[in-house]
Amino acid sequence: AFRCGYFLQPLSSNIHGCSQNLDRENYTHDYTDIKEVKIMILAQLPRLHLSIFAKSHFSLASSHFNLINPNPPVKLAKTLFSSLATVEPVPLPVSDSSHLEDAPMEIPLDKLFIPPETDISGDDPSRLAARILKGSNIVLSKYARDAQVVQADYVKSSVRTEDCPADGLPEFALVGRSNVGKSSLLNSLVKRKRLALTSKKPGKTQCINHFRINDNWYLVDLPGYGYASAPHELKKDWNKFTKDYFLNRSTLVSVFLLVDASLPAKQIDLDYASWLGQNQVPMTMVFTKCDKRKKKKNGGKKPEENIKEFQDLIQGFFETTPPWIMTSSVTNQGRDEILLHMAQLRNYWLKH
Ligand code: GDP
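Looking up the chain in an unreviewed UniProt entry gives the name EngB-type G domain-containing protein, with the organism given as Brassica oleracea. What the UniProt record of the chain gives under Cofactor (unreviewed entry) is the line "Mg(2+)". Recorded in UniProt for the chain, the comment headed Sequence similarities (unreviewed entry) runs: "Belongs to the TRAFAC class TrmE-Era-EngA-EngB-Septin-like GTPase superfamily. EngB GTPase family."

Have a look at this one:
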């Protein structure tokens, strides 16, 4: 039941016949609450401005969210993590110096990802802001606990979904275009320099590679797609292979689709995201390489602009905004935030 409607609601019909579940009701309920909160914010605190990190000369909401959505954005506090009352504290990285000059990035309330069973209607704006993960649209729920990685072990490489570990532990699959930074992110999440090298060994690159974390959940490294020199037939196989895993792996809590934020949106990534949406496979978008800024050769676009463009291009495939998060394996931006997000998805999944 969890797979079919936890936190994304594709607009298109579900070709695999999943039915909507009760979680959908929770989510819909929360969405209603958001509107109430918005009204409250407008009525009581019309000039309250909070912020999350973004470059001062770029405001995600003011540049385009407002254009596609007339709802006023909420600005979120820079001190997002100072009062995470509902979560176990997780040490957060000190921001690199480039973040110090950061100014508000605005996200409209209806572009936030609000986990099920999460009621934000009683939150004033500063409390709500404190519940949003830095550099993301993700609201934290009561399920965000036990996020730290204490132990990480390579378990096995499987060539078919049926061969994957059968112990029923929840798992998250990392997938993305070759060179997107998947191995770097995996290593950064588990704080090991070379764990993901296992997935890069010859013979393993086309496998489903399972890493067991803290002996109670899995990170799964899937084959990178879109490698330029891969023969067409091989590329097709990778698709079939990973698609089968996405559709049939019952313990898959969410796919984490990695997208390079230093480049303009690529069609193959858009196709991947829309396929996941159309097939109601829960997805979190992880934008990588967010430390890379102002590259003239990429048209001078900043990560925030590429991220916004990507969101705009896929929004038609989703009824509600999927969770997204900015990361960098160079600065460790987003590392602890991803782990908190995984924790809340996992703990919710375990309880339902
Ligand atoms: P994979 O093919 O998806 O596993 O990608 P890798 O993790 O091997 O990274 C591909 C290249 O991108 C390498 O040269 C990395 O050093 C670089 N890279 C990965 N993550 C980041 C990042 O967050 N920031 C920057 N600037 N470079 C990165």
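Visitor: Just checking my understanding: could you explain helix H5 (residues 182-189) for this structure?
Guide: Each turn of an α-helix holds 3.6 residues, which means side chains three or four residues apart point in the same direction. Judged by how many residues are buried, H5 sits mostly within the fold: seven of eight residues are covered. A positive backbone phi angle near 55 degrees is found at Lys191, which sits one or two residues after H5.

Visitor: Even after reading the chapter, I still don't get the packing of aromatic side chains, so can you show me in this structure?
Guide: Working definition: an aromatic ring pair is given by the centre-to-centre distance plus the angle between the planes. Scanning the entire structure with this criterion turns up ten aromatic pairs. Here Tyr143 and Tyr348 contribute two aromatic rings whose centre-to-centre distance is 5.5 Å and whose plane-to-plane angle is 90 degrees, an arrangement assigned as edge-to-face. Here the residue Tyr143 occupies a position in the loop between helix H4 (125-130) and strand E4 (152-158), and Tyr348 occupies one in helix H10 (residues 335-351), the gap between them amounting to 205 residues. By relative accessible area, Tyr143 is classed as buried at 3%. A relative accessible area of 0% means that Tyr348 is categorised as buried. Centre to centre, the rings of Phe246 and Tyr272 are 6.2 Å apart; their planes meet at 90 degrees, and the pair counts as edge-to-face. Pair noted here: Phe246 is in helix H7 (residues 232-248) and Tyr272 is in helix H8 (residues 267-278), with a separation of 26 residues, a long-range link. Residue Phe246 shares its accessibility class with Tyr272, and that shared class is buried. Pairwise contacts between aromatic rings join Tyr225, Tyr245, Phe246, Tyr272 and Trp275 into one cluster.

Visitor: Honestly, the sheet that holds strand E10 (residues 324-326) in this entry has me stumped. Any pointers?
Guide: The strand order E4-E6-E7-E5-E8-E9-E10 describes an open sheet built from seven strands, whose pairing is mixed. Unpaired on one side and paired on the other, E4 and E10 mark the two borders of the sheet. On average, adjacent strands in this sheet sit at an angle of 25 degrees to one another, irrespective of strand direction. The sheet contact formed by strand E9 (residues 283-288) and E10 spans three bridges and is parallel. Opposite Met285, over in E10, you have Trp324 as the bridge partner.

Visitor: Would you explain the nonpolar core in this entry?
Guide: The tendency in soluble globular proteins is for nonpolar side chains to be buried side by side. Counting 41 residues, the largest nonpolar core has Tyr245, Phe246, Leu257, Leu276 and Phe287 as its most contacted members. Where this core is concerned, the elements lending two or more residues are strand E5 (171-176), strand E7 (217-221), H7, strand E8 (252-260), H8, E9, helix H9 (303-314) and E10. Looking at which element gives the most residues to this core, the answer is H8, with five residues. Leu140, Val149, Leu195 and Phe211 belong to the second-largest nonpolar core, a separate cluster that totals 32 residues.

Visitor: Just checking my understanding: could you explain the pairing of E5 for this structure?
Guide: Extensive coverage of E5 is indicated by the burial of six of its six residues. Neither face of E5 is open: one carries Glu171, Ala173 and Val175, the other Phe172, Leu174 and Gly176, and all of them are buried. Relative to E7, E5 runs parallel, the two being bridged by four bridges. By the bridge assignment, Glu171 is partnered in E7 with Tyr218. The pairing of E5 with E8 spans six bridges and is classified as parallel. Across the sheet, residue Val175 finds its bridge partner in E8, namely Leu257.

Visitor: Before we go on, may I ask you to explain the packing of H5 against H10 in this structure?
Guide: Two measures define how a pair of helices packs: the angle their axes make with one another and the distance between the axes. Running from N to C, H5 and H10 point in directions that differ by 75 degrees, and their axes come no closer than 10 Å. On the basis of their axis angle, the class for H5 and H10 is roughly perpendicular. Each of Leu185, Ser188 and Leu189 in H5 lies in contact with H10, whose residues at this interface are Arg335, Ile338, Leu339 and Met342.

Visitor: I keep staring at the pattern of salt bridges and nothing clicks. Help me out?
Guide: Opposite charge on two side chains permits pairing when their charged atoms draw close. Taken as a whole and judged by the stated rule, the model has 13 salt bridges. In this structure, Glu117 engages Lys142 in a salt bridge whose closest nitrogen and oxygen atoms are separated by 3.5 Å. Here Glu117 is found in the loop between strand E3 (102-108) and H4, whereas its partner Lys142 is found in the loop between H4 and E4, with 25 residues between them in sequence. The exposure class assigned to Glu117 is partly exposed, which follows from its relative accessible area of 31%. Three or more residues are tied together by salt bridges with common partners; here these are Asp123, Arg127 and Arg131.

Visitor: Can you walk me through H10 in this structure?
Guide: The end-to-end C-alpha distance of H10 is 25 Å, a good match for the 24 Å that 17 residues give at a rise of 1.5 Å each. Burial analysis of H10 places 15 of its 17 residues in the buried class, which makes it a mostly covered element.

Visitor: Where do I start with the environment of Thr327 in this structure?
Guide: Considering the arrangement of structural elements, one finds Thr327 in the loop between E10 and H10. On the basis of relative accessible area, Thr327 is assigned to the buried category, the value being 1%. When the C-alpha atoms of Thr327 and Glu337 are compared, they prove to be 9.0 Å apart, with ten residues separating the residues in sequence. Those residues within four positions of Thr327 in sequence are excluded, and the remaining contacts are Leu185, Val286, Phe287, Thr288, Lys289, Cys290, Gln333, Gly334 and Ile338.

What counts, and where the lines are drawn
- Residues numbered from 1 in each chain as written.
- Predicted model: local features only at pLDDT ≥ 70, side-chain atom pairs only at ≥ 80, totals over all residues.
- Heavy atoms only, no water.
- UniProt positions renumbered as here; feature names shortened; annotations may be inferred.
- Buried < 20%, exposed > 50% of the residue type's maximum accessible area, 1.4 Å probe, protein only.
- Helix = DSSP H or I, 4+ residues; strand = E, 2+ residues; numbered from the N terminus.
- Phe/Tyr/Trp six-rings, centres within 6.5 Å; stacked < 30°, edge-to-face > 60°.
- Pairing = 2+ DSSP bridges.
- Axes fitted to C-alpha atoms, helices over the stretch in contact; angles between N-to-C directions.
- Core = buried A, V, L, I, M, F, W, Y, C linked by side-chain atoms within 4.5 Å.
- Parallel < 35°, antiparallel > 145°, perpendicular 65-115°, else oblique.
- Contact = heavy atoms within 4.5 Å.
- Salt bridge = Lys/Arg side-chain N within 4 Å of Asp/Glu carboxyl O.
- Expected span 1.5 Å × (residues − 1).

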